[in-house]
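# Remarks on the overall topology
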Amino acid sequence: MSNIRAIRGMSDILPDETPTWQYVEAVVRELVASYGYAEIRLPIVEQTDLFKRSIGEVTDIVEKEMYTFNDRNDDSLTLRPEGTAGCVRAAIQNGLLTTPRRLWYAGPMFRYERPQKGRQRQFHQVGVEAFGVSTPDMDAEMILLSARLWQQLGVADGVQLQLNSIGSLSARAAYRQALVEYLQQRREELDEDSQRRLDSNPLRILDSKNPQTQALLDEAPVLSAYLDQESRDDFARVRELLDAAGVAYVENPRLVRGLDYYNKTVFEWVTDRLGAQGTVCAGGRYDGLVEQLGGKSVPAIGFAMGIERLVLLLQASAQEPKPEPTADLYIVSAGEGAQREALAVCEQLRDAFPGLRIVQHTGGGSFKSQFKKADKSGARLALVWGDDEVASGTVTLKALRDESGKQAGQQTVALEQLQQTLRALLADWDIARGSS
Ligand code: ATP
Ligand code: MG
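Throughout what follows, the structure given in this document is the object of discussion. (Residues numbered from 1 in each chain as written. Chains lettered and ligands numbered in written order. Predicted model: local features only at pLDDT ≥ 70, side-chain atom pairs only at ≥ 80, totals over all residues. Heavy atoms only, no water.)

## Focus on empty space enclosed by the protein
Considering all chains together, one arrives at two cavities of 30 Å³ or more under this definition. Put simply, the largest cavity is a space of about 40 Å³. Taken together, V58, T59, D60, E63, R196, R197, S200, N201 and R204 make up the full set of residues lining the largest cavity. Only α3 (60-65) and α7 (192-200) provide two or more residues apiece to the lining of the largest cavity. A total of three residues in the lining of the largest cavity trace back to one element, the largest contributor, which is α7. (1 Å grid on protein atoms, 1.4 Å probe; cavity = no way out; pocket = protein on both sides within 12 Å on 5 of 7 lines; lining within 4 Å. Points joined across faces, edges and corners; volume = space filled by probe spheres on them. Helix = DSSP H or I, 4+ residues; strand = E, 2+ residues; numbered from the N terminus.)

Structure (structure tokens):
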């Protein structure tokens, strides 16, 4: 019988990689808290209508990327393809829209896409949303927060901020009409996808990766010419605030974003270090969405970033955290009495040195085979119990690494002296863990 394998596009994140994930998550967690954002945890499954009504029926996500199924009660449910819709739903349902409200979340998202590097069917996002503030200072806060993240992760020199304003709904409607008129006359020259979008969602054509279509767009009307005055003013203010804060950006008049709910400021952070999947973070204003989903009229802005792409970016930029050994101390013991004693003493050590990685050899075996495992664990020091040690109330410390050997060598210490000896060694070794 063939082995069962993971679903295409849904990856295991293996122990080699989890330290980088944990590092990114820890940096994000601390950063958003430092800006006053509170975590919200949301269901992975929602009613299908939530996504249809928010993301939009004629978007890539709703048209062809959603994992939708009927449950046993015949209700149509969908694995969330993104986080904003669920966050807005929860904010309305739980009365969180007293303002301002700053929220963030993290977790898996699901889209039926063609898997490739940086593009998966189950992927992970961190999302940040702020409700209740319509002024551009909030737009600037969002962007500054994201900019600070690149600084902290050490990848600021590898990302570029792209900025645009897509204006009000009515400004977009006017522009849409002008764009359609222009492109209708050149319909035959458009790629197939864009021809289809011309009828359903023409603004998405601006997003096309097809060079011939992009060339056609060079002469097309530009959205900025159709912007309403308020959007213009707000956009100017956002840029002014970013200038003042020293955050560089490029204006990208073709940046429209793939979801329907955006208005005014939209932005993306892109990198050229990941090939085709270059957008690591994307967001914008969505002032109409709360009302559209049945809440009061509450302005909002948010962004989401893809953790897989962040992890890849860290790897590509040689900014991964240093790998750490799984053990600092490895416990070797032979004989039932020795094992009993080792187990008890180690629990005392865990009390005395919180955070120190103490790995107990399990499963028995000769000293020789235990030392092999000890060496492999990356531990600096082995604590060894045999019959002699048990009889004399001692334990033998044996250095496993050259750099530790000078200080530790091999010595037998009385159990009462063990904690003191360890404390001195740890200080010398500069292991932050367990020093408290
Ligand atoms: P793309 O143009 O790459 O398909 P998108 O516009 O569909 O991106 P958003 O819905 O804005 O992406 O999601 C925000 C971020 O989430 C993206 O910038 C990206 O970093 C990440 N992301 C989106 N889809 C995927 C995916 N299938 N696999 C991995 N990361 C993803
Ligand atoms: Mg996409």
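## Notes on the site of ligand 1
The environment of ligand 1 is formed by 16 residues, the closest being R111, E113, R119, Q120 and R257. In this structure, G306 approaches ligand 1 through a main-chain N or O atom, which is 3.3 Å from an oxygen atom. Surface burial for ligand 1 is 87%, taken as the share of its 590 Å² of free accessible area covered by protein chains. Per-element accounting of the shell around ligand 1 gives the leading share, four residues, to strand β10 (residues 279-285). (Near = heavy atom within 4 Å. Polar contact = N/O pair within 3.5 Å; in protein donor to acceptor, adjacent residues only side chain to side chain. Areas by Shrake-Rupley, 256 points an atom, 1.4 Å probe, with all protein chains shown as cover.)

## Looking at the nonpolar core
With 47 residues, the main nonpolar core has I40, F131, L179 and L183 as its most contacted residues. Going through the elements one at a time, α2 (48-55), α3, α4 (84-93), β5 (101-110), β6 (122-131), α6 (169-184), α8 (211-217) and α10 (289-292) are the ones with two or more residues in this core. With sequence-adjacent residues up to four places away left out, L183 is seen in contact with L190, L198, I205 and L217. Core analysis: the second largest hydrophobic core is formed by 41 residues, V28, I143, V159 and V247 among them. (Core = buried A, V, L, I, M, F, W, Y, C linked by side-chain atoms within 4.5 Å. Buried < 20%, exposed > 50% of the residue type's maximum accessible area, 1.4 Å probe, protein only. Contact = heavy atoms within 4.5 Å.)

Everything listed here is a matter of geometry and, on its own, says nothing about what the molecule does.
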